[in-house]
Amino acid sequence: MRLLVTNDDGYMAPGLDVLARAVSGLGEVHVIAPDREQSATSHSLTMHFPLRVRRTVSNWITVDGTPTDCVVLAIGALLEERPDFVLSGVNHGANLGDDVLYSGTVAAAMEATILGIPAVAISYAGKDRDALEEWLPSLTKLLEQIVGRGDFPAETLLNVNLPPIPPSKVAGIKVTTLGRRAYMDSLTRAQDPSGREYFWIGGGESRWWGGPDSDFRAIEAGFISVTPLHLDLTNYRLLQDVGEWDLKL
Ligand code: MN
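Some details on the overall build of the protein
Looking only at helices and strands, the protein features six helices and 13 strands. In summary, the protein has a C-alpha radius of gyration of 19 Å against a globular reference of 18 Å for 249 residues, a match within 12%. Considering only C-alpha atoms, the protein reaches an extent of 55 × 50 × 45 Å along its principal axes. Counting all 249 residues of the protein, 44% fall into the buried class. Looking at the protein alone, contacts between residues at least 24 apart form 75% of all its contacts between residues at least 6 apart.

A look at the sheet that holds strand 8 (residues 172–175)
Strands sit in the order 3-4-2-1-5-6-7-13-8 across an open sheet of nine strands; the sheet is mixed. Because the sheet does not close on itself, it has two edges, and the strands there are strand 3 (53–55) and strand 8. Pairwise comparison of adjacent strand axes, ignoring direction, gives a mean angle of 20° for this sheet. Of the pairings in the sheet, the one linking strand 1 (residues 2–6) to strand 5 (residues 85–92) comprises four bridges and is parallel in character. Paired with leucine 4 across the strands is valine 86, a residue of strand 5. Of the strands in this sheet, strand 1, strand 2 (28–34), strand 3 and strand 4 (61–63) touch helix 2 (residues 67–78), which is tilted by about 135° from strand 2.

A few points about helix 1 (residues 14–22)
Among all positions of helix 1, only Gly15, Leu16, Val18, Leu19, Ala20 and Ala22 are buried. Contacts from the buried residues of helix 1 go to strand 1, strand 2, strand 5, strand 6 (119–124) and helix 4 (136–147).

Remarks on the pattern of salt bridges
Considering all chains together, one arrives at nine salt bridges under this definition. Aspartate 99 is the salt-bridge partner of arginine 181, the closest N and O atoms lying 2.9 Å from each other. Of the two residues, arginine 181 sits in strand 9 (residues 180–184) while aspartate 99 sits in the loop between strand 5 and helix 3 (104–114), which places them 82 residues apart along the sequence. The burial state of arginine 181 is the same as that of aspartate 99; both residues are buried. We note a salt bridge from arginine 189 to glutamate 197, for which the minimum N-O separation is 2.6 Å. Beyond isolated ion pairs, a larger network of salt bridges with shared partners links Asp17, Arg21 and Glu133.

As for the coordination of the manganese ion
Those donors, Asp8 (OD), Asp9 (OD), Ser39 (OG) and Asn91 (OD1), are the protein atoms that reach the manganese ion, and they lie 2.1 to 2.2 Å from it. Ordering the donors of the manganese ion by residue number gives the pattern D-D-x29-S-x51-N. Residue serine 39 is located in the loop between strand 2 and strand 3, and its partner asparagine 91 is located in strand 5; the two are separated by 52 residues in the primary sequence. In this structure asparagine 91 comes out as buried when scored by relative accessible area, which is 6%.

Description of the environment of arginine 181
Residue arginine 181 is classed as buried on the basis of its relative accessible area of 17%. Along the chain, arginine 181 and alanine 33 lie 148 residues apart, while their C-alpha atoms are 28 Å from each other. Residue contacts for arginine 181: discarding those within four places in its chain leaves Leu96, Asp98, Asp99, Ser206, Arg207, Trp208, Trp209 and Phe216. Here the side chain of arginine 181 touches serine 206 through a polar contact of 2.7 Å, side chain to side chain.

Let's talk about a nonpolar patch on the surface
Together, Leu45, Met47, Val72, Ile114, Leu115 and Leu231 give the surface a local cluster of nonpolar side chains, amounting to about 510 Å² of exposed area. On the basis of relative accessibility, which here comes to 31%, the residue leucine 231 falls in the partly exposed class.

What to know about the nonpolar core
Among the nonpolar cores identified, the biggest contains 33 residues, and Leu87, Val120, Ile122, Leu139, Leu143 and Leu162 are the most heavily contacted of them. With residues up to four places along the chain from it excluded, the contact list for leucine 162 reads Val90, Ile122, Ser123, Tyr124, Ala125, Trp135, Leu139, Ile219 and Ile224. Formed by 22 residues, the second largest nonpolar core is a distinct cluster that contains Val71, Val106, Ala121 and Leu157.

What counts, and where the lines are drawn
- In this convention, every chain numbers its residues from 1, walking through the sequence in written order.
- The predicted origin of the model limits local features to residues at a pLDDT of at least 70 and limits the giving and counting of side-chain atom pairs to 80 or more, whereas totals for whole chains, interfaces and linings rest on all residues.
- No hydrogens and no water enter the side-chain calculation; it runs on all heavy atoms of the structure.
- What counts as a helix is a DSSP run of H or I of at least four residues, what counts as a strand is a run of E of at least two, and both are numbered from the N terminus.
- We compute the radius of gyration over the C-alpha atoms and compare it with the globule rule, which gives 2.2 Å times the number of residues raised to the power 0.38.
- Whether a residue is buried, partly exposed or exposed follows from its accessible area with a 1.4 Å probe, protein chains only, as a fraction of its type maximum: under 20%, in between, or over 50%, in that order.
- The contact criterion used is simple: two residues touch if any of their non-hydrogen atoms lie within 4.5 Å.
- Here, a strand pair is defined by DSSP locating no fewer than two bridges between the strands.
- In this analysis an axis means a line fitted to C-alpha atoms, helices contributing only their contacting stretch, and an angle means the value between N-to-C directions, from 0 to 180 degrees.
- Take a side-chain nitrogen of Lys or Arg and a carboxyl oxygen of Asp or Glu: if they are within 4 Å of each other, that pair is a salt bridge.
- With water omitted from the atoms examined, metal sites may look incomplete; donors here are N, O and S atoms no farther than 2.8 Å from the metal, or 3.2 Å in the case of Na, K and Ca.
- N or O atoms within 3.5 Å of each other form a polar contact, as long as, within protein, one can give a hydrogen and the other can take it, and as long as residues adjacent in sequence are counted only when both atoms are side-chain atoms.
- Surface patches are defined over residues having more than 30% relative accessible area and no salt bridge, joining like charges when they lie within 9 Å and nonpolar side chains (Val, Leu, Ile, Met, Phe, Trp, Tyr) when within 5 Å.
- All accessible-area figures derive from a Shrake-Rupley calculation using a 1.4 Å probe, and residue coverage is judged against the displayed protein chains alone.
- For the purposes of this section, nonpolar cores are sets of buried Ala, Val, Leu, Ile, Met, Phe, Trp, Tyr and Cys residues that join through side-chain atoms within 4.5 Å.

Given below as structure tokens:
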């Protein structure tokens with residue numbers, strides 16, 4: 001079993017180190033990750049600059065690009081053989097509901113899925129990065145079961161979120177749907193020291209909602225959330241309705 005491990009928080013992130021160690025007994029592990037923070041870069045691909053790779057002392061490879069670049073380079077050029085699984089994370093912070101559309105962690109898993117390789121994105125909903133260390137045995141156990149499945153569905157990735165509590169207190173594992181999230185006051189408009197206006201996206205409060213099976217509720221109730229995601233965004237329920245608009249040229 002060949003495993004490619006990547007993330008969007010960069011190769012220095014504790015979450016990446018925990019994930020690489022958690023799966024070290026499951027097969028041959030290759031770590032290829034961005035050389036810096038690339039959170040919220042979504043599925044972006046670097047097309048207008050060259051990409052450079054470096055090898056770290058622990059034989060990891062860093063790329064001066066996005067998580068998607070890492071997966072593209074890993075599979076297209078850097079690995080001698082295709083990996084059997086791509087694991088992305090452990091992200092510092094939750095990737096629930098609408099957040100999956102912005103997440104570089106989830107995008108890396110999506111890119112693998114597009115390239116026909118089963119993939120799992122893993123995120124930790126807590127703020128304390130040091131607490132990730134105690135998740136090591138649980139991660140090994142969970143991922144061993146997932147990568148060991150011979151029937152991992154095609155064109156699907158798993159989005160796993162770990163609740164912000166000690167693993168010994170976890171209520172169980174729930175298979176969930178994506179909830180919804182809205183940010184409030186997350187756009188700042190201000191002036192820099194020379195008096196020029198600037199804008200800053202981020203921060204603020206967030207509010208979430210979703211049905212009883214949603215990922216948010218599972219995390220809130222102390223469960224590990226596992227959401228199967230597929231990449232087809234077509235709204236099949238609306239095909240007929242929009243067809244009946246009878247749009248014409
Ligand atoms: Mn991140």
